[in-house]
Amino acid sequence: MDKKKTELLIAGQGAAGYSAALYSARYQVQTVLAGAEFGGETAIGGMIENYPGIEADGFDLMMNMKNQVMNYDVELFEENLEEISKTSTGFLVKTNSAEIETKAVILCVGRERRKLNLSNEESLVGKGVSYCSTCDAPLYKDKIAIVVGGGNAAVEGAILLSKYASNVHLIYRGSSLFRPEKILLTQLEKCKNLELHLESEVREIKEGNNGVEGVVVNKKGEDLDIYSDGLFIEIGADPRLEIPNQLGLDIDNETNEVAVNKLMETNVKGIFAAGDLTNASGPLKQTVTAAGQGAIAALSAYTFLGSK
Ligand SMILES: Cc1cc2nc3c(=O)[nH]c(=O)nc-3n(C[C@H](O)[C@H](O)[C@H](O)COP(=O)(O)OP(=O)(O)OC[C@H]3O[C@@H](n4cnc5c(N)ncnc54)[C@H](O)[C@@H]3O)c2cc1C
């Protein structure tokens, strides 16, 4: 096993992680950025049109962030954290091939989107399959879109999409929409171009040369073909809590996210967290909020290291 030592270890190569690394490098904190996968969710999100100052493909935006970080003295270590424990001097992080001693950690490991687990779902992400209607709705102007889910996010997504798309289908397996807030249901009823399909489940995603071309839905026991240009899967996301749980971090009771204060401090001294993993940005989980929180976490880690 390789052995390394650093002052700060940042976990996750998403917007929060790159932003934290950029700031910590500029504070001249010795930094290792660890994570097996480049770019996080933004890199697979298709066009990003709401990051101020830049309209770009998410992959390109993240490549720019990475290149900007790599201009500084940051060690990129392309393995995920597998284990973490507290030591007398800080923390010991284990990856597949290394043990890294660090004085502080910023966790930016994001969330795992819940999936329908259909065979071509993953390969169609960015080609019609999306897990974020807030992000991608404007791309569906005058098109047909399907939203799957029965909670607030799905209903909000369907309402938003109805402002852009010519037709929206909301597909939910339950027999009534009882979870969303009443005000959302009132707004939903006013969407003239929206059709609600209850007791319905997507069985298959149809695909053509350009991506999604509709779905096969089982509605009350019968199969139904619905044409659509996009499929929005809004059935929730789960924060990646394996590493936070190993450290005994406080978890927000309501959201199941890592609880942080406005300085991105967790309840364990020396452990900071940022981005979609945390309860910092409420329901607005976006690249811009993750990047902002990464920057704050880096300042807090710098202050913490200076105080030691
Ligand atoms: C399809 C889609 C489209 C989107 N479109 C937009 C948009 O248009 N505009 C917008 O602002 N936002 C958009 N978003 C949301 C945005 O991508 C997220 O809010 C943002 O990526 C959150 O950044 P993050 O760094 O917190 O987490 P993530 O981007 O999820 O990054 C987390 C990283 O941590 C890594 N990781 C996981 N476990 C470990 C571990 N144990 N050790 C090390 N690393 C680990 C992951 O591999 C990943 O690279 C979209 C999201 C999706 C899914």
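Please refer to the structure higher up on the page.
Residues numbered from 1 in each chain as written. Predicted model: local features only at pLDDT ≥ 70, side-chain atom pairs only at ≥ 80, totals over all residues.

**Side note on the overall build of the chain**
Cut-off, in case you're wondering: Numbering of helices and strands runs from the N terminus, with a helix taken as a DSSP run of H or I at least four residues long and a strand as a DSSP run of E at least two residues long. Labels follow a simple rule on C-beta atoms placed from the backbone: if 20 or more others lie within 10 Å of a residue's own, it is buried; if 12 or fewer, it is exposed; otherwise it is partly exposed. In this description, any two residues whose backbone-derived C-beta atoms lie within 7 Å of each other are considered to be in contact.
Along its length, the chain carries seven helices and 19 strands. Overall, the C-alpha framework of the chain stretches about 60 × 40 × 35 Å when taken along its three principal axes. With 308 residues in all, the chain has 44% of them scored as buried. Partitioning the contacts of the chain with sequence separation of at least 6, the portion at a separation of at least 24 is 62%.

**Side note on the site of the ligand**
Our working definition: To decide whether a residue is near a molecule or strand, its C-beta atom is placed from the backbone and checked for lying within 6 Å of it.
Residues in contact with the ligand amount to 37 residues; listed here are only the nearest, Gly 14, Gly 40, Gly 110, Cys 135 and Gly 275. Elements with a minimum of two residues in the shell around the ligand: helix 1 (15-26), strand 3 (47-51), helix 3 (133-136) and helix 7 (287-307).

**What to know about the environment of Leu 305**
Relative to the helices and strands, Leu 305 is located in helix 7. Apart from the residues within four sequence positions on either side, Leu 305 is in contact with Glu 7, Leu 8, Val 29, Lys 103 and Ala 104.

**Some details on the sheet that holds strand 15 (residues 211-219)**
Put simply, the rule is: Think of it this way: DSSP has to see at least two bridges between two strands before they count as a pair. In this description, a line fitted to the C-alpha atoms serves as the axis of each element, helices being fitted only across the stretch in contact, and the angle between N-to-C directions of two axes falls anywhere from 0 to 180 degrees.
The three strands are arranged 14-15-16 in an open sheet whose pairing can be described as antiparallel. Only two strands of the sheet have a single partner each, and these edge strands are strand 14 (200-208) and strand 16 (222-226). In this sheet, adjacent strand axes meet at a mean angle of 25° when their direction is disregarded. Pairing geometry for strand 15 and strand 16, over five bridges, is antiparallel. Residue Val 217 lies in a different strand from strand 16, and its bridge partner there is Leu 224.

**Examining the environment of Gly 208**
Relative to the helices and strands, Gly 208 resides in strand 14. On the basis of neighbour count, Gly 208 is assigned to the exposed category, with 10 C-beta atoms found within 10 Å.

**Some thoughts on the sheet that holds strand 13 (residues 194-197)**
As summarised here, the arrangement of the five strands in space is 10-17-11-12-13, forming an open sheet in which the pairing is parallel. Edge positions in the open sheet fall to strand 10 (129-130) and strand 13, since each of these has one partner strand only. Bridge analysis of strand 11 (residues 144-148) against strand 12 (residues 167-171) gives five bridges, and the strand direction is parallel. Of the residues in strand 12, the one forming a bridge with Ile 144 is Asn 167.

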